[in-house]
Amino acid sequence: MRKTLLILCGFTAVFALITLSGCDDSDGSYPPTYKGFSYEPSTVYAGDSVVITAVQAKKGHYLNATDYSFSMKIYVTVEGETQDSTLSYSYHTNYDGTDNGNPTWKLLIPDNAVAGSYSCSFSAKWSNSADGEGGSYASTGGDGCTGSVTSYSYTLYSQASGSFTLPIRQ
């Protein structure tokens, strides 16, 4: 009986050691860091299709459910009068499971958009799948990038927010 108990305890200890050695908690969750934003075409006119991308400098780690949002308030001319118009786009994905690529917004600038420089804002929120490391991560800048994005890491979730100015010509 004692021998059986010792063997059972030995197996339990080996199993616990194998299980624990497979876990690497040295790196917690952290959000991506960004270079800033890129947009194409490089010169935007009313009526153009534009692709806006939040360009990652470094991928995030241990992130799951993800929500991205872009928005831009512009002025349009309707029957000779200038009015506010808000363009926006949001989508949900799974960062580590489905899509950890650069967040992108494909939009059509209205034909009646008033020429000017408009602020485009971006936000992201991720559910951490491990405890967050904590802290903030500022944009690093990069070739062809404009604006800035700051990412924040917390225990249960991470988030980011940023903006840039999009000039629209007539």
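You'll find the structure just up there.
Computed from a predicted structure; not experimentally measured.

Definitions and limits used
Residues numbered from 1 in each chain as written. Predicted model: local features only at pLDDT ≥ 70, side-chain atom pairs only at ≥ 80, totals over all residues. Heavy atoms only, no water. Phe/Tyr/Trp six-rings, centres within 6.5 Å; stacked < 30°, edge-to-face > 60°. Helix = DSSP H or I, 4+ residues; strand = E, 2+ residues; numbered from the N terminus. Buried < 20%, exposed > 50% of the residue type's maximum accessible area, 1.4 Å probe, protein only. Pairing = 2+ DSSP bridges. Axes fitted to C-alpha atoms, helices over the stretch in contact; angles between N-to-C directions. Core = buried A, V, L, I, M, F, W, Y, C linked by side-chain atoms within 4.5 Å. Contact = heavy atoms within 4.5 Å.

A look at the packing of aromatic side chains
And then number 1: Considering all chains together, one arrives at 13 aromatic pairs under this definition.
And then number 2: With a centroid separation of 5.8 Å and 70° between ring planes, the pair formed by tyrosine 34 and phenylalanine 122 is classed as edge-to-face. Placement of the pair is tyrosine 34 in strand E1 (residues 33–40) and phenylalanine 122 in strand E7 (residues 116–128), with a sequence separation of 88 residues. Neither residue differs from the other here; tyrosine 34 and phenylalanine 122 are each classed as buried.
And then number 3: Centroid distance tyrosine 95 to tryptophan 126: 6.4 Å. Interplanar angle 85°. Geometry classified as edge-to-face. A residue pair is termed long-range when its members are at least 10 positions apart, and tyrosine 95 in the loop between strand E5 (81–94) and strand E6 (104–108) and tryptophan 126 in strand E7 qualify at 31 residues.
And then number 4: For tyrosine 95, a relative accessible area of 1% corresponds to the buried category.

A closer look at the sheet that holds E6
By definition, the strands of a sheet pair up through backbone hydrogen bonds, in either a parallel or an antiparallel sense.
And then number 1: With antiparallel pairing, three strands are arranged side by side in an open sheet as E1-E3-E6. Since the sheet does not close on itself, it has two edges, and those belong to E1 and E6, each with one partner. Each strand of the sheet is rotated relative to its neighbour by a mean of 15°, with strand direction disregarded.
And then number 2: Taken together, the seven bridges between E1 and strand E3 (residues 49–58) define a ladder with antiparallel strand orientation. Following the sheet pairing, tyrosine 39 is matched in E3 by isoleucine 52.

A few points about the nonpolar core
Soluble, globular proteins show a tendency: their nonpolar side chains are buried together.
And then number 1: In this structure, Ile52, Met72, Ile109, Phe122 and Leu166 are the most contacted members of the largest nonpolar core, which totals 30 residues.
And then number 2: When residues of this core are traced back to their parent elements, those giving at least two are E1, E3, strand E4 (63–78), E5, E6, E7 and strand E10 (157–169).
And then number 3: Broken down by element, the residue count for this core peaks at six residues, all from E4.
And then number 4: Residues within four places of phenylalanine 122 in sequence aside, it is in contact with Tyr34, Phe37, Ala54, Tyr68, Ser69, Phe70, Pro103, Val149, Ala160, Ser161 and Gly162.

Here we look at unusual backbone geometry
And then number 1: Backbone torsion omega between glutamate 40 and proline 41 reads 0°, so that peptide bond is classified as cis.
And then number 2: Its place among the elements puts proline 41 in the loop between E1 and strand E2 (44–45).
And then number 3: Although it is not a glycine, tyrosine 62 sits at a positive phi angle of roughly 55°.
And then number 4: Mapped onto the fold, tyrosine 62 is located in the loop between E3 and E4.
And then number 5: Of note, the phi angle at glutamate 79 is positive, near 50°, even though the residue is not glycine.
And then number 6: Take glutamate 79: it is sitting in the loop between E4 and E5.
And then number 7: Glutamate 79 gets classed as exposed once you look at its relative accessible area, which sits at 81%.

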